[in-house]
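Per-entry structural report
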Amino acid sequence: MELPAGWVWARLGDLLREPLRNGHSARSTKEAGGVRTLSLSAVTKDDFSDSNTKITVADPDRVSDLWLEAGDILIQRSNTPELVGTSAIYRGPDGWAIFPDLLIRVRLDLRVDSQYVALFLRSPRARSHFKSRAKGLAGSMPKIDQAAISGLGIPLPPLAEQHRIVEALEGHLSRLDAAVATAQNARKRLVNLRKSVLLDLVPGRVPDSWTATTVEQAGTVELGRARHPDWHHGPEMRPYLRVANVFEDRIDTSDVMEMDFSGIFEKYRLHSGDVLLNEGQSPHLVGRPALYRGTPPNVAFTNSLLRFKTNPNVMPEWALMVFRRHLHARRFMREVRITTNIAHLSSKRLKAIEFPIPPMDVQKELVVRCDEVLSGIDVMDREATRALARAQNLRRAILTRAFTGALVPQDPTDEPAAALLARIQADRAAQPKAKRVRRAPAVPRKPKAPAAPAPAPAPSPTPAPTHAVQQEFDL
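Heads up: these notes are all about the structure in this document. From a predicted model like this one, the values you see are computed outputs, not experimental measurements.

1. As for helix α11 (residues 417-430)
With 14 residues, α11 should reach 20 Å at 1.5 Å per residue; the first-to-last C-alpha distance of 20 Å fits that figure. Every buried residue of α11 is listed here: Ala417, Leu420, Leu421 and Ile424. Along the long axis of α11, the arc covered by the buried residues comes to 95°, so they all point the same way. Facing away from the buried side of α11, by more than 90 degrees, are the exposed residues Ala429 and Ala430. Buried residues belonging to α11 abut β1 (8-11), β8 (153-156) and α5 (159-201).

Right, dumping it as structure tokens:
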């Protein structure tokens, strides 16, 4: 990428005031004399408050160089593929907390705007750099090391332009964050509204004119076919649905797999009107139901799903409403059993769950009313989802423009970044190399009386930009 005049490429490692530093891990304690330590969530949520800290048994003498200073940047060296390399800038008081081993501290030269670097670490270029260098064994969370962080290339503008970019970005991103918060709150309200509609139309107290029965008496429950490597190939390959395809009132057909159903396909073949429920899921999603309406055609199902076939006196759409009501009321959660972190809803336990059956004409009326109300909610939910997607695209576009020199104009009178980088490198070369000190083993000692805790850092509001910059960005 060609940089604007006055800019220069720099490695993050060339901009440091101190070497990169891994944190320290220690067990939590409620005893006096512990050390306040950040949790990983402090960086994930960008929230450095009491709720994202814990008190650990770390020896204060052995972690004396881990106390945070305002302007320090913390990077997650291990997390999920989506979060590894996520970073946040610490703005709290000096010496308030230390950081754990899963974080790496970046302490920049004071002649570099730390907020500029912190914002760049959230850009698509930096995120792509960390994701491509994350390593991990199968089944473990990916990790990045200090070399991946130190070697990150940063487009460095003159210091004055760094300040202008930060000011413009904070103005744009603060408005974008407010819009995102509004859309997220709208989606939460829609979830609650959807729940209230289902609880109202399928009441917990069964009216006298209805029949109070169980799932077993309202229809039949069947478990799908187990998967096995021997059936990955065979003469009668058929598509099948699994838990990854069944969402609430929606079947996702983008990733339908196949296996051999020689001689038994008809037993597991789905028919229009079958209700599918997740047999194994996270506890709050187990039992998530969807109605099979014939798409995709000629498809079977596996034992990660339960199939419910209604009796003649029960509409499939009414059964779907009942199961959605139980999902939102967390009725299924009372019946699950957890193995290896997965909750399971057995067919036996599902059969015993209550199932109200109103007269057929009432079922039809309630199904129509539910469809009308929930379809309106679904339209609003899709609009909020699209707004969040547009906000994400706009955020990427803004950050990309900022770090390619297209967000604010260049000033030819600014000192070129190359001169600043040369001074930093010269000063670093002139400093004597620090001798590595071998630490002596920790000696158990009597815990010190706890000092009065410093107040949690108050969240600093985003300052209003002093120069209004109004731009439009093409997504």
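2. Some remarks on the sheet that holds strand β20 (residues 337-339)
Paired through their backbone hydrogen bonds, the strands of a sheet run either parallel or antiparallel. Spatially, three strands are ordered β16-β21-β20 in an open sheet, and the strand pairing comes out antiparallel. Looking at the sheet topology across the chains shown, the edges are occupied by β16 (280-281) and β20. As paired elements, β20 and strand β21 (residues 342-344) share three bridges and run antiparallel to each other. Within β21, the position partnered with Ile338 by the bridge is Ala343.

3. Description of the packing of α5 against helix α10 (residues 360-402)
Here α5 crosses α10 at 165°, and the two axes come no closer than 10 Å. On the basis of the axis angle, α5 is roughly antiparallel to α10. Crossing geometry of α5 relative to α10 is assigned as left-handed. Along the lines of polarity and charge, the residues of the contact of α5 with α10 split into 24 nonpolar, three polar and seven charged.

4. Some points on the pairing of β1
Side chains Val8 and Ala10 project from β1 onto a buried face, and the interleaved Trp9 and Arg11 project onto a face without burial. Across four bridges, the pairing between β1 and β8 is antiparallel. Across the sheet, the residue bridging to Trp9 is Pro155, located in β8.

5. Some words on the sheet that holds strand β10 (residues 219-223)
The sheet built from four strands is open, its strands ordered β10-β19-β15-β17 with antiparallel pairing. Pairing within the sheet leaves two strands with one partner each, and these edge strands are β10 and β17 (289-291). Mean inter-strand twist for the sheet, computed between neighbouring axes without regard to direction, equals 25°. Relative to strand β19 (residues 305-310), strand β15 (residues 275-278) runs antiparallel, the two being bridged by four bridges. Its bridge partner lying in β19, Leu277 is registered against Leu306. In this fold helix α8 (residues 316-328) packs onto β15, β17 and β19, with an angle of close to 165° to the strand it touches most, β17.

6. Things to note about the nonpolar core
Core analysis: the biggest nonpolar cluster contains 50 residues, and Ile73, Val106, Tyr116, Val117, Ile149 and Leu169 have the highest contact counts within it. Sequence-distant contacts of Tyr116, defined by excluding residues within four places in its chain, comprise Trp7, Ile154, Pro155, Leu156, Pro157, Gln162, Ile165, Val166 and Phe403. Grouped together as the second largest cluster of nonpolar side chains are 37 residues, Leu291, Phe308, Met321 and Leu366 included.

7. Quick word on the side chain of Asp381
By the secondary structure assignment, Asp381 is in helix α10. Its relative accessible area of 15% is what places Asp381 among the buried residues. Here Arg187 takes part through its side chain, which lies 2.8 Å from a polar atom of the side chain of Asp381. Those residues in contact with Asp381, other than ones at most four positions away along the chain, are Arg187, Leu190 and Arg194.

8. A few points about unusual backbone geometry
In this model, Thr295 is joined to Pro296 through a cis peptide bond whose omega is -5°. Mapped onto the secondary structure, Pro296 falls in the loop between β17 and β18 (300-301). One non-glycine residue, Asn298, lies in positive phi territory at about 50°. Along the polypeptide, Asn298 turns up in the loop between β17 and β18. Phi at Arg330 is positive, roughly 60°, even though this residue is not glycine. Structurally, Arg330 can be placed in the loop between α8 and β20.

9. Considerations on the side chain of Asp113
Position of Asp113 among the secondary structure elements: in the loop between β7 (103-106) and α2 (114-120). Of the side chains with opposite charge, Arg91 comes closest to the buried, unpaired Asp113, at an N-O distance of 8.3 Å. Within the local environment of Asp113, its side chain forms a polar contact with the side chain of His163, the two groups lying 2.7 Å apart. With residues near it in sequence (within four places) discarded, Asp113 still touches Leu159, Gln162, His163 and Val166.

10. Things to note about the packing of aromatic side chains
In total, this model carries eleven aromatic pairs according to the counting rule given. Consider the rings of Trp210 and Trp318, whose centres lie 5.7 Å apart with planes at 85°: the pair is edge-to-face. Residue Trp210 is found in the loop between α5 and β9 (211-214), and its partner Trp318 is found in helix α8; the two are separated by 108 residues along the sequence. Both residues of the pair, Trp210 and Trp318, belong to the buried class. A centroid spacing of 5.8 Å and a plane angle of 70° characterise the contact between Phe323 and Phe355, whose relative ring orientation is edge-to-face. Remark: Phe355 occurs in strand β22 (residues 354-357) and Phe323 occurs in helix α8; sequence separation between them is 32 residues. Like Phe323, the residue Phe355 is buried in the burial classification. Joined through ring pairs, the aromatic side chains of Phe261, Phe265, Tyr268 and Phe301 make up one cluster.

How each quantity is defined
- Residues numbered from 1 in each chain as written.
- Predicted model: local features only at pLDDT ≥ 70, side-chain atom pairs only at ≥ 80, totals over all residues.
- Heavy atoms only, no water.
- Helix = DSSP H or I, 4+ residues; strand = E, 2+ residues; numbered from the N terminus.
- Expected span 1.5 Å × (residues − 1).
- Buried < 20%, exposed > 50% of the residue type's maximum accessible area, 1.4 Å probe, protein only.
- Arc of directions from axis to C-beta.
- Contact = heavy atoms within 4.5 Å.
- Pairing = 2+ DSSP bridges.
- Axes fitted to C-alpha atoms, helices over the stretch in contact; angles between N-to-C directions.
- Parallel < 35°, antiparallel > 145°, perpendicular 65-115°, else oblique.
- Left-handed = near helix turned anticlockwise from the far one by under 90°.
- Nonpolar A, V, L, I, M, F, W, Y, C, P; charged D, E, K, R; others polar.
- Core = buried A, V, L, I, M, F, W, Y, C linked by side-chain atoms within 4.5 Å.
- Polar contact = N/O pair within 3.5 Å; in protein donor to acceptor, adjacent residues only side chain to side chain.
- Lys, Arg positive; Asp, Glu negative; His and termini not counted.
- Salt bridge = Lys/Arg side-chain N within 4 Å of Asp/Glu carboxyl O.
- Phe/Tyr/Trp six-rings, centres within 6.5 Å; stacked < 30°, edge-to-face > 60°.

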